[in-house]
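Chain by chain, the residues run as shown.
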Amino acid sequence: MPNTQRRRLFKVAASAVAVTLGATALAACGSSDDDGNGAQSGPVSLTYWTWTPGMDKVVDLWNKGPGKKDQITVTVKKQASGDTLVTKILTAHKAGKAPDLVQAEYQALPTLVSNDALADIAKNVGDVKGKFADGVWQQTTLGTDAVYAVPQDIGPMMFYYREDLFKEYGLTVPTTWEQFAETARALKKKSPETDLTTFSANDSGLFAGLAQQAGARWWTTSGDKWQVGINDAATKKVADFWGGLVKEGAVDNQPMYTPAWNKALNTGKQIAWVSAVWAPGTLTTAAPDTKGKWAMAPLPQWSQTDNVTGSWGGSSTAVTTDSNNKDAAAKFAAWLNTDGDALNALAKESGIYPASSSAQLSGAFISPPAYFSNQADFYTTAAKIAKTTAPSAWGPNVNVAYTTFKDAFGAAAKDKSDFSAALDKMQADTVADMKKQGFEVSE
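This text gives an overview of the structure that appears in the document. As the structure is a computational prediction, the values presented were derived from the model and not from experiment.

Structural notes on the overall build of the chain
- Helices and strands together make up the secondary structure of the chain, namely 18 helices and nine strands.
- Once the C-alpha set of the chain is aligned to its principal axes, its extents read approximately 70 × 50 × 40 Å.
- When each of the 443 residues of the chain is scored for burial, the buried share is 58%.
- Excluding contacts between residues fewer than 6 apart, the proportion of contacts in the chain whose partners are at least 24 apart in sequence is 77%.
- For the chain, the exposed area adds up to about 17500 Å²; of that, 49% sits on carbon and sulfur atoms.

This is the structure we're talking about:
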């Protein structure tokens, strides 16, 4: 689709999206004053909204190095993450006072583009595309020739398991989802009080990533219309698979991140977790007594010939349309997410897993995480998995889809009822909301 046509598609209901997110008033930080063509003349001061911890220390490297040379200074303004930040960005943009740069989760990009809040920086970021896996870069282009952000961190999905307990119970690491189900059932026969894992409905990103791996494309476009396929065949396959395991009691049905879940992991009552590359940090807190007993492997596949993973989490650095120094802002965004020193600092200060492919095998990622000191090839394996990240397809109201998932799938998991019906509810609510906002949606 030509970029101009896609722009019209995204702008159809621009003003309504901010209402959906519940925009509130704020005193916004304005962008720098300069000419409106993104051209730099003399010293430039940029403002960057981000929630990443330690980002100010990373930005100091720019301000004292390349930024000082180019007379470009960046000031970090810490923000909340998620929908809270999206709402704040949209509110500031409505007043023409959005910052120069913003950190944005990949699934938030269509919403921000719908409101014309993000600039196309394709001509400003040079040849950085080659630094990223295709499935990662695609998330910042929205399927167009435009570039709305530079990838920063990613969350390729993986399978984590208690290596010692798999050996004790005589289990084999599953390479397909069919084997995964068989492993869950075999464990139940050997130890009825133990679960392989749990299906959790309190983090929508997990389910979205699993659907992505199966080939789902929840939001796509046809002409000037959106097509919503949340209950497509690929996602139904995922929903029916997990719903069946929950219904028969082969896996647990309790949510993640609770004291009960932490205890189950820490005591060996649950011996595996479908997660992402950032899992070591969570396990360090949730299951401290099991350090050095876990191992990581690629996500099970839907067939033996597949080699693909989903993505759970991740964010990018975008330049806003309100910035009067777009070229300078894009230059910083490219440096932040491709420069070796910057990426090493991001890993050290912020604990991120870089989207840049080259950075995944250098610096902080040469040695395994301390929690996985028993698996020397942790990051080598992670980098290989990251390259297989499937393309995603986000839309302008991901927040609505995610909210319905938590409600509908939460109830279905608790009651061990039909996951397919919960998926249809997710589809219906998402379509209804888009039509209410004024988007053209084809059935």
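Let us keep going from here.
Let's talk about unusual backbone geometry
- Phi at Asp-116 takes a positive value of approximately 55 degrees, unusual for a residue other than glycine.
- Checked against the element boundaries, Asp-116 lands in the loop between α6 (109-114) and α7 (134-141).

With respect to helix α15 (residues 340-350)
- Among the residues of α15, Ala-342, Leu-343, Ala-345, Leu-346, Ala-347 and Ser-350 are the ones counted as buried.
- Contact partners of the buried residues in α15: α3 (55-64) and α14 (326-338).
- A side-chain oxygen of the first residue of α15 lies 3.0 Å from the backbone nitrogen of Asp-341; this N-cap is Asp-339.
- Within two residues after α15, Gly-351 carries a phi angle of roughly 70 degrees, on the positive side.

Comments concerning the environment of Ala-239
- Here Ala-239 is to be found in helix α11 (residues 233-248).
- A residue is classified by how much of its surface remains accessible, and Ala-239, at 0% relative accessible area, is buried.
- Along the sequence, Ala-239 and Ala-211 sit 28 residues apart, while their C-alpha atoms lie 8.5 Å from each other.
- In this view, Ala-239 contacts Phe-207, Phe-409, Phe-419 and Leu-423; residues no more than four positions away in its chain are not counted.

As for empty space enclosed by the protein
- A complete count under the given rule lists three cavities of 30 Å³ or more for this structure.
- Quantified by volume, the largest cavity comes out at close to 70 Å³.
- Ala-208, Ala-211, Gln-212, Ala-216, Arg-217, Trp-218, Ser-392, Ala-393 and Trp-394 are the residues that line the largest cavity.
- Looking at side-chain class alone, the lining of the largest cavity contains six nonpolar, two polar and one charged residues.
- When its volume is computed, the second largest cavity comes out at roughly 60 Å³.
- Considering the residues around the second largest cavity, the lining is formed by Thr-197, Thr-198, Phe-199, Ser-200, Leu-206, Leu-210, Trp-242, Trp-273 and Val-274.
- Partitioning the lining of the second largest cavity into residue classes produces six nonpolar, three polar and no charged.

So, the pairing of strand β7 (residues 272-276)
- Counting buried positions over the five residues of β7 gives five, a clear majority of the element.
- Residues Ala-272, Val-274 and Ala-276 point to one face of β7 and Trp-273 and Ser-275 to the other, with burial holding for every one of them.
- Both strand β4 (residues 150-162) and β7 contribute to a ladder of five bridges, which runs antiparallel. The residue bridging Phe-159 from the neighbouring strand is Val-274, located in β7.

Describing the side chain of Lys-326
- On the secondary structure map, Lys-326 appears in helix α14.
- Of the side chains with opposite charge, Asp-322 comes closest to the buried, unpaired Lys-326, at an N-O distance of 7.3 Å.
- Here the side chain of Lys-326 touches Ser-323 through a polar contact of 2.6 Å, landing on its backbone oxygen.

Details of the packing of aromatic side chains
- Counted according to the given criterion, the structure contains 41 aromatic pairs.
- Here the aromatic rings of Phe-159 and Tyr-161 are separated by 5.8 Å at their centres, their planes lie at 15 degrees, and the arrangement is stacked. An identical accessibility class is assigned to Phe-159 and Tyr-161; each is buried.
- The ring of Trp-49 carries Lys-88 above its face, with NZ or CZ at 5.1 Å from the centroid.

Criteria and thresholds
Residues numbered from 1 in each chain as written. Predicted model: local features only at pLDDT ≥ 70, side-chain atom pairs only at ≥ 80, totals over all residues. Heavy atoms only, no water. Helix = DSSP H or I, 4+ residues; strand = E, 2+ residues; numbered from the N terminus. Buried < 20%, exposed > 50% of the residue type's maximum accessible area, 1.4 Å probe, protein only. Contact = heavy atoms within 4.5 Å. Areas by Shrake-Rupley, 256 points an atom, 1.4 Å probe, with all protein chains shown as cover. Polar contact = N/O pair within 3.5 Å; in protein donor to acceptor, adjacent residues only side chain to side chain. 1 Å grid on protein atoms, 1.4 Å probe; cavity = no way out; pocket = protein on both sides within 12 Å on 5 of 7 lines; lining within 4 Å. Points joined across faces, edges and corners; volume = space filled by probe spheres on them. Nonpolar A, V, L, I, M, F, W, Y, C, P; charged D, E, K, R; others polar. Pairing = 2+ DSSP bridges. Lys, Arg positive; Asp, Glu negative; His and termini not counted. Salt bridge = Lys/Arg side-chain N within 4 Å of Asp/Glu carboxyl O. Phe/Tyr/Trp six-rings, centres within 6.5 Å; stacked < 30°, edge-to-face > 60°. Lys NZ or Arg CZ within 6 Å of the ring centre and 35° of its normal.

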